[in-house]
Structure formats: structure tokens, C-alpha cells
Amino acid sequence: MTKTEQMLKKKPKKWITNLIFTFAIIIAIVYSFSDSRINWKRFNSVGSYLNAMLESFADIDVDFLLGTGLYRFEEGVLFLTLETLAIGFLGTLIGAILAIPFSFLASTNIVGPKFAKLGETFLIIIRVFPEIILALILVKGFGMNALTGVLTIGLHSIGMLGKMFAETIDNMDRSSIEALDAVGANVWQKIRYGIIPQIVPELSSVALYRLDINVRSATILGIIGAGGLGATMVLAASNWNWSVLGAIMLSIIVMVLVVDGISSYLRNKLV
Amino acid sequence: MVAHLNTTKYWVNDMTRFVLTNGKSITKPFNKIWIILGILIVLVVFFSYFIQYDPRYIVLSELSVLFEKLFTPRGTRTWSDYFAYMLTLKDPLISTLQMSFAGTIMGSILAIPVAIFAAKNIAKYPIIYVPMRFLMNLIRTIPALILALIAVMFVGIGVLPGIIAITIFTFGIMAKMLYEVIETIDMNSYEALESTGANKIQAFRYAVFPQIFPIYISYLVYIFEINVRSSAILGYVGTEGIGSVIKDNILYNYDRVGAAIIVMFVLILTIQFISNLIRRKLQ
Amino acid sequence: MIKFVDVVKTYSNGVQALRGINLTINDGEFVAIIGLSGAGKSTLLRSINKMIPITSGKLYIDDVEISTIKGKELRMLRRSIGMIFQSFNLVKRMSVYSNVLTGRVAYHSTLKTVFGFFPKTEKLLALESLDTMGILEKAFIRADQLSGGQQQRVALARALTQQPKVILADEPVASLDPITTVQVMDDFARINRKLGITIVANMHHVDLALKYASRIIGIKDGVIVFDGTNEQINDDILVNIYGRSLKHDEVLGE
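The shown structure was predicted, so the numbers you read here are calculated from the model rather than taken from an experiment. (Residues numbered from 1 in each chain as written. Chains lettered and ligands numbered in written order. Predicted model: local features only at pLDDT ≥ 70, side-chain atom pairs only at ≥ 80, totals over all residues.)

Let's talk about the overall build of chain A
On a plain count of helices and strands, chain A comes out with 13 helices and zero strands. Listed N to C, the secondary structure of chain A is α-α-α-α-α-α-α-α-α-α-α-α-α in terms of helices and strands. Counting every position in chain A, which comprises 271 residues, the buried fraction comes to 40%. Relative to all contacts within chain A whose residues are 6 or more apart in sequence, the contacts with residues 24 or more apart total 68%. (Helix = DSSP H or I, 4+ residues; strand = E, 2+ residues; numbered from the N terminus. Buried ≥ 20, exposed ≤ 12 C-beta atoms within 10 Å, placed from the backbone. Contact = placed C-beta atoms within 7 Å.)

See below:
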């Protein structure tokens, strides 16, 4: 054999692993779909459903939208949307403020590696707890209202933001703190002039990103009663009320796009 | 009134205008931080109006009662019943994993062509990539749970609506993350391939794909992790999974709800651990 | 006046950075410290404002022995000693003006400084320091938007605002391009001449050290092997300090 033919023989046979891998995935997907509980016949009616849906979507009840006429203001989509926004905004704000001390406790730079591990574990537990379950629990204590929503999002955000804040603190640039040392600054002055100017822009950026996500969560929390659009939406869905659902979905899309836009714009300015 | 305004002006000037000993003068620009703080306060006050609640409904002691109910066996059930129940949750658990897995993979695959056409450096004309991005943004605005709700309306309850919801959701996220990655890669090899006469698909397969594959898998694992979390909840609106267990039992059998929560917890932690491991190995 | 008496510094990993330093620096001198990396230049410099505490021996700043001082006394010592770093060490996201003003934090209570209340006279002082360095018009620009040379001047302005008696400089021009290097070294010379501030600088470039400093100190392996004027230096002494002929990057050129 020539040298090149020998090299060709030696070429790693990746295609075997690839084949096995693809095969495994196909099997897994087929298995997932083969669940006999799936009602494939329903798919046929999808077409007519779509038609009905689109028709009703177009027929929007303006009174319902604004909360005028026969509807009270609090029932209108406008109010509910703003309520959802409020839950997302205030929840994020509370979460961000409370996350700061927790992030200090989880940051190696501040409390050392061993204690930081403890703090981090605590934050992980809060984070893994699904928001809906947390909301279900808090509803018992605070009632089925927007307050529960704010608390749920706030608590959940402490976990999420706490971790990212701690990472920011750990990645901080130490050089300016060294200079402040040389100038004779004490601990508080070093925090005020060395640490805060560095981390506040990053923390704000992280918090804005979180706001985006939290507003979406807020729409969902309503489903179990924590205020916002969710409750009305579930009601409409179970009554097959496409026009109501359409109005709400439209509102959600607009709200999320707006928040997304503002959040992206501000985050770009912060960098 | 005018005199008052004038003194304010002098006070502000005093804070911001400096005259040095050599005669030069300089004005300090207005500190933007006050504006930001002001806006924040206005927003807080504005939004607080919408948080309406009846203080009579706040019974904090209910929380501790609830905690007890969640994590102790109810009525005549024993602790062994409690743990035995967890074993019966095996089926919903598998449903959850099935939904997440199938949905993630399909959504990720569907995302690939769309991401390619949304990347500025491959689809060079705005008329192609702008509508693609708009479509993606639209899909991304709808939370997974709502997608599931609508899917249930269309196809009934079961695993299928969950898979559909997760597919669409994954598609939205993956497409955006993917096109952002595609835009950051090194285009030199792509152009080189195009110059040898390869068409766009071939050029993509041999120049772009190898660069993004590890990142793609990393994103896939990350999204899978998110989806396991949300699919555990999707059951609440009618798909299968642990969420439906919770919904069924929330009224009377708190201890079962507690058991389900614990199982969910363990599941999510495990998946998170595994996914972190995989993603670190891919780095 | 700075006085080292038998100063020894051993790090916790066993490395002996300073092995018996005896040195007196008088007010108004412009001292350059030269030597290989790791010879002990940085340690020597940083022991003066106790950024690195010494292991044994005595160190006098204006007849005050500093090995026992700490807390508020230490901060009062440091506020009258300015320090310039190779990487400028400015607070990047703050304005130039705020950076310079931080030179005064040790002169006031915590409460006032944390809220940013400095007396108007000191605010003017900060601006005048900027003017002395020729960058007054950049006062309210973010510090990281300036060029390297300008940032080092901001650092110098910060040091000047401390109204120091001594300025320590740790390889202050090592990160700058040749032209800016000369400008900044000229600034040092000007400050030394016109304001009478003692300058102690670690210099990487030997020819710069010889050109600007009135007194050269050569360090090798933690010991002072040369202490004299720049006229007394010759190539043999340099070979002794560096253990070899000078390398290309230790001389600025022309």
C-alpha cells in the first residue's frame, strides 16, 4: 500500500459514531411519539379550528380591551396588561435589591471560597424551585392577588440574580481598589469608589435582562391566580372564547415586544 | 416667584460651575443618575397602583400550615405510603422527559434553516433576514405555558400538546441564539469555499457547521434543561407530566403535591448537574 | 525623608525579596530604581507606603517608624504619599474628575465621602491638578475613554490632589508608546522641580532613568548594588546590576 492509502486507513471512523448517535436520537423521538395516549385524530380538525380562531381574532371587542362600557376598568385588557407589567417590574426591582446582600454572601471575593459555596448552594435551591409552585404556596398565605405575584417573582429573582451578581463581583477588576488603598481609603470608601462604579452597570444590565423574562413569567402566574392576564386567559381557553384569547394574546405580544425593546436598548447603552 | 427661580439657578450654578485660580472656568454636566432615580421612583409609584389586594386575605400562618401539609402524610397514610407514592410518579416523570426531549430536538432542528436565513453574513439581503427575525421575535414573546394552553385547545390533552409547545418554544430561542452565533464566526473559510464553486448549502456544511456544532450542542443541552423545568409545569394546563399530578391533587391531597414537588426538585437538579457537566466538557 | 534601616522582606512562600536594605532618600530628590524583574524593585517601592509590610528592620517616613502603624494612622500616612501604577489603576467607569477627587478621601469622614460631599476648595484643587497636567477639558469624560498617556496624567493629577510629599511610581511609562513616555516623564520632572515633591520611580528603561533622575539605585537579588548619580554610572556597573549586557527592550532608544 502506498503511504496515502495507509493514512486513509488510519483516518478516524467518525461516521460510525455519528450513525449510532443519529439512530439513537431517532429511536428516542419515535418512542416519545409512540405514546398511545396521543390523539392523532384531533389533527384533522386543526384546519377548521384555525379558521374559527382567525375569524374571532379579527373581531376585537374594544370595550373589553380598554375596560370601558359594560366592563369594569379592572376587567379590561389594558388594566390586566399593566397589572402584569407591574408584577414583573416590581418583582424584578425587589428581587434585584434583595439579591445584592445574598450575592455578597455567595461571592468568593467578599466572604472567601468556603462560605461562598454555602451561599451559592442556598441560591441554587431558590432558583431550582419552579415559580409556579412557589406561587401556589404563596397564594395560600397572601391570597389570589397581584401581591402574591410580586412576591413570587421577587423571591425567584433573588435566586437568579444573586448568582449572576456574585459572578460579576468575582470578575471585578482589582486595580482600582489597589489605587484606593494607596491613597488611604477605608473599607467603605473602597466600596463606594472602587466596587460600586464597576458593578452597578453590569448589575443593571443583568436586572434588565431578568425584567424581560419576569414579565413573561408574570403572564403565566395569573393562571394559578397570582394576578395578571393569566387568569382571564385560562378562563377564555376553557370556554373556547377565541376573541377574548386573541385580544389577550395580542396584548401580551405587544407588551413583551415593548419590554424587550426597552430592555435591549438600555442594555446596549450600559455597555 | 422669579426671585425664587433665580436663587435656585444660582444654587445649581454654585454646585456645578468652577472658576480656577488662573481664571479658567469649567462647568460640571448634570449628573444623569438623578434622572434615572427619578424615573425609577415614578415607575414604582405608578405601578404600585395596579397591585391591588385585600389585606383581609393575608393570613401568613396559612403558609406554615401549608408547609406541614405538604411534607407530612395525610390522614391514614403513612410515611412508607408517602415514599411509595413517589415511585408511582415514575410514569409522569417519563412523560415529562419525553416531552422535553422530543420537543427540544425537533425545535432545534427546525431552527437551523431559519437561523441560517436570519444571519446577516449568510443571507445578505435585509429582505430575507428581517422577516425571519421578526417571525422569531414573535414566537419568542409567547411563554411556553401559553403555547401549551393553546396546543391543548387544538389537539386535546396528552403528551402531544406538550411536545408541540416545547418544539415551538425551543425553535424560537434556538433560532435566535443560533443566528447570533453564526454572525460571529469567521467567514473566511466560507468565502474560500464559495470561491471554489460550492453552493451555499455545501459551503455552510463544510465551513460554518464545524465551527458552530459544539456551541449548538451546548445550547441544545441548555435549552433541554430549561424545557425539563417548564414541562414539569406544563402538566398544569393539561399536558401530561408532573404538573398534571400537582393539579389533580392540589385540592385535597397536599401530601401528594409535596411528594411531587420533591420528585420534580430532584429531577431538575439532576438534569442541571448533567447539563453543566456536558457543557463544561464541550468548552 | 525616607529611611530604610536593615530592611528585610521574606514572602510567605519563602522568597527573600529584600535582604538588608539601608537607604536614605531626602526631600526633593528624583530617584530611579533599576534592576532585573524580580530583583526587589516593586517590593522596595511598595514597602514605603506599606502596601507590602516588611518582615524585619526599620522604616522611617519623616522620622516616624512605620512598621507598627495601622488603621487610621496608616491611612493618614498613605494620603500624603501618591502612587502611580503601570496600568494607571483608574476607576474606569467614573469621570476623570471623580477619579482625581478620590485622592482626597482619606482627608474626610466616611459619611461625607461615601455621599460625595467634598469641600468646594478640594473640588477646585482637583480641577487645578487636572489643569496642571494639561487635561482640564477632559474633566467630565469617562476615564476609560482617554488614551494611555492621558490616563497616566489623570493618575498624576490624582496624586497631586493628595498634596503629597512623595510620589511613588511603579514602572509608570512601561505601558506607553515612546512619545507619550517622554511627555509623562517630563511631567514627573516638572512636578519634582516646581513643586519640590520627592519622586521615587521604578524604571524599566535604563536610559530614561539616567536621563531624568538625579539619583540612581541599582538593585540585584534584594540588595542595593549601586547608589549614586547618573554620572557615576558606566557600563560595567550596569552589567553588574543586570548580570549581563542590557537587552534591546531595556533601552528606549535614540
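Some details on the overall build of chain B
Scanning chain B from terminus to terminus reveals 12 helices and two strands. Secondary structure elements of chain B occur, N-terminal to C-terminal, as α-β-β-α-α-α-α-α-α-α-α-α-α-α. Dimensions of chain B, computed from the C-alpha atoms along their principal axes, are close to 90 × 75 × 40 Å. Split into buried and exposed, the 283 residues of chain B put 37% on the buried side.

Digging into the sheet that holds strand 5 (residues 64-65) of chain C
Taken in spatial order, the four strands make up an open sheet running 2-1-4-5 (chain C), and their pairing is antiparallel. One side of each edge strand has no neighbouring strand; the edge strands of this open sheet are strand 2 (16-25) and strand 5 of chain C. (Pairing = 2+ DSSP bridges.)

Quick notes on the packing of helix 11 (residues 242-249) of chain B against helix 12 (residues 254-282) of chain B
Residues and elements named next belong to chain B. In the contact formed by helix 11 and helix 12, the axes pass within 9 Å of each other and the chain directions differ by 165 degrees. In terms of their interaxial angle, helix 11 and helix 12 are classed as roughly antiparallel. Between helix 11 and helix 12 lies a crossing whose hand is left-handed. Across the interface between the two elements, Ile242, Val245, Ile246 and Asn249 from helix 11 touch Arg256, Val257, Ala260, Val263 and Met264 from helix 12. Of the residues assigned to the contact of helix 11 with helix 12, the class counts are seven nonpolar, one polar and one charged. (Axes fitted to C-alpha atoms, helices over the stretch in contact; angles between N-to-C directions. Parallel < 35°, antiparallel > 145°, perpendicular 65-115°, else oblique. Left-handed = near helix turned anticlockwise from the far one by under 90°. Nonpolar A, V, L, I, M, F, W, Y, C, P; charged D, E, K, R; others polar.)

Focus on the interface of chain C and chain B
Frequently, the measure chosen for interface size is the accessible area removed from exposure when the parts meet. Taken together, the contact pairs eight residues of chain C with seven residues of chain B. Class assignment of the residues belonging to the side of chain C that touches chain B gives a composition of five nonpolar, no polar and three charged.

Looking at the pairing of strand 7 (residues 166-170) of chain C
Residue and element names in this part refer to chain C. Where burial is concerned, most of strand 7 is hidden: five out of the five residues are buried. Where strand 6 (residues 81-84) and strand 7 come together, four bridges link them in parallel fashion. When the bridges of strand 7 are listed, isoleucine 81 appears paired with valine 166. Note that strand 7 and strand 8 (residues 198-202) share five bridges and pair parallel. Looking at the pairing, isoleucine 167 lines up with isoleucine 199 of strand 8. Of the crossover connections in this fold, the one passing from strand 7 over helix 7 (residues 178-195) to the parallel strand 8 is right-handed. (Right-handed = clockwise from strand over helix to strand, strands pointing away.)

Digging into the pairing of strand 3 (residues 30-34) of chain C
Residues and elements named next belong to chain C. Buried residues dominate strand 3, accounting for four of its five residues. The pairing of strand 3 with strand 9 (residues 215-220) spans four bridges and is classified as parallel. Among the inter-strand pairings, valine 31 is bridged to a residue of strand 9, identified as arginine 215.

A few points about the environment of isoleucine 169 of chain A
Residue and element names in this part refer to chain A. Relative to the helices and strands, isoleucine 169 resides in helix 9 (residues 146-170). A sequence separation of 62 residues divides isoleucine 169 from serine 107, and the C-alpha atoms of the two residues are 6.7 Å apart. Once residues within four sequence positions are removed from consideration, isoleucine 169 is found in contact with Ser103, Ser107, Asn109, Ile110 and Ile199.

Observations concerning the interface of chain B and chain A
Residue-level contacts link 46 residues of chain B with 46 residues of chain A. Only helix 2 (32-48), helix 3 (61-71), helix 5 (90-118), helix 6 (126-141), helix 7 (144-155), helix 8 (159-184), helix 10 (200-234) and helix 12 of chain B provide two or more residues apiece to the side of chain B that touches chain A. The residue inventory of the side of chain B that touches chain A, partitioned by class, reads 36 nonpolar, seven polar and three charged.

Brief notes about the packing of helix 13 (residues 242-270) of chain A against helix 6 of chain B
Contact geometry of helix 13 of chain A with helix 6 of chain B gives a least axis separation of 9 Å together with a crossing angle of 110 degrees. Here helix 13 of chain A is positioned roughly perpendicular relative to helix 6 of chain B, judged by the angle of their axes. Seen from above, helix 13 of chain A lies across helix 6 of chain B with right-handed handedness. Taken together, the residues of helix 6 of chain B that come into contact with helix 13 of chain A (itself represented by Ile252, Ile253, Val256 and Leu257 of chain A) are Asn137, Leu138 and Thr141 of chain B. When the residues that make up the contact of helix 13 of chain A with helix 6 of chain B are grouped by side-chain class, the tally is five nonpolar, two polar and no charged.

Observations regarding the sheet that holds strand 3 of chain C
Neighbouring strands of a sheet are bound in pairs by backbone hydrogen bonds; such pairs are parallel or else antiparallel. Residue and element names in this part refer to chain C. Strand order across the open sheet formed by six strands is 6-7-8-3-9-10, with mixed pairing between neighbours. Each edge of the sheet is formed by a strand with only one pairing partner; in this case those strands are strand 6 and strand 10 (223-228). With strand direction ignored, the average angle separating the axes of adjacent strands in the sheet is 15 degrees.

A short note on unusual backbone geometry
Residue and element names in this part refer to chain C. Even without a glycine there, the phi angle at aspartate 63 is positive, about 65 degrees. Secondary-structure assignment places aspartate 63 in the loop between strand 4 (56-61) and strand 5. One non-glycine residue, glutamate 171, adopts positive backbone phi at about 45 degrees. Summarising the element assignment, glutamate 171 is placed in the loop between strand 7 and helix 7.

Some thoughts on the confidence of the model for chain A
With 83% of its residues at a pLDDT of 70 or more, chain A shows a mean pLDDT of 81. Taken element by element, chain A is modelled with least confidence in helix 3 (residues 42-58) of chain A, mean pLDDT 65, and with most confidence in helix 10 (residues 175-183) of chain A, mean pLDDT 91. (pLDDT = per-residue confidence, 0-100.)

Here's the deal with the environment of leucine 208 of chain A
Residue and element names in this part refer to chain A. Within the fold, leucine 208 resides in helix 11 (residues 187-221). Taking C-alpha positions, leucine 208 is 18 Å from leucine 82, a pair spaced 126 residues apart along the chain. Setting aside anything within four residues of it in sequence, one finds leucine 208 in contact with Ser263, Leu266 and Arg267.

Focus: the nonpolar core
Formed by 131 residues in total, the largest nonpolar core has its most connected members in Ile248 of chain A together with Ala115, Leu145, Leu147, Ala148, Ala165 and Ala175 of chain B. In terms of residues, this core owes the most to one element, helix 8 of chain B, which gives 15 residues. When neighbours within four sequence positions are excluded, leucine 145 of chain B is seen to be in contact with Ile220 and Ile223 of chain A together with Ile233, Leu234 and Val237 of chain B. In terms of nonpolar packing, the next biggest core, distinct from the first, is built from 81 residues, Leu180 of chain A together with Tyr107, Leu125 and Met203 of chain C among them. (Core = buried A, V, L, I, M, F, W, Y, C linked by C-beta atoms within 7 Å.)

Considerations on helix 7 of chain B
What sets the pattern is the α-helix's 3.6 residues per turn: residues three or four places apart point alike. Residues and elements named next belong to chain B. The terminal C-alpha atoms of helix 7 lie 16 Å apart, and with 12 residues this matches the ideal 16 Å at 1.5 Å per residue to within 8%. The buried fraction of helix 7 is high, at 10 of 12 residues. Within helix 7, burial applies to Ala144, Leu145, Ile146, Leu147, Ala148, Leu149, Ile150, Ala151, Val152 and Val155. Note on helix 7: the residue one or two positions beyond its end, glycine 156, has a positive phi of about 80 degrees. (Expected span 1.5 Å × (residues − 1).)

Examining the confidence of the model for chain B
Residues and elements named next belong to chain B. In this model, chain B carries an average pLDDT of 80, and 94% of its residues clear a pLDDT of 70 or more. The element-level mean pLDDT for chain B is lowest in helix 1 (residues 2-16), coming to 62, with helix 2 highest at 90. Across the assembled chains, the prediction reports ipTM 0.86 with pTM 0.77.

Some remarks on the environment of lysine 176 of chain B
Residue and element names in this part refer to chain B. Following the sequence through the fold, lysine 176 ends up in helix 8. Its 19 C-beta neighbours within 10 Å are what place lysine 176 among the partly exposed residues. As for lysine 176 and methionine 136, which are separated by 40 residues in sequence, their C-alpha atoms are 6.9 Å apart. Those residues in contact with lysine 176, other than ones at most four positions away along the chain, are Met136 and Arg140.

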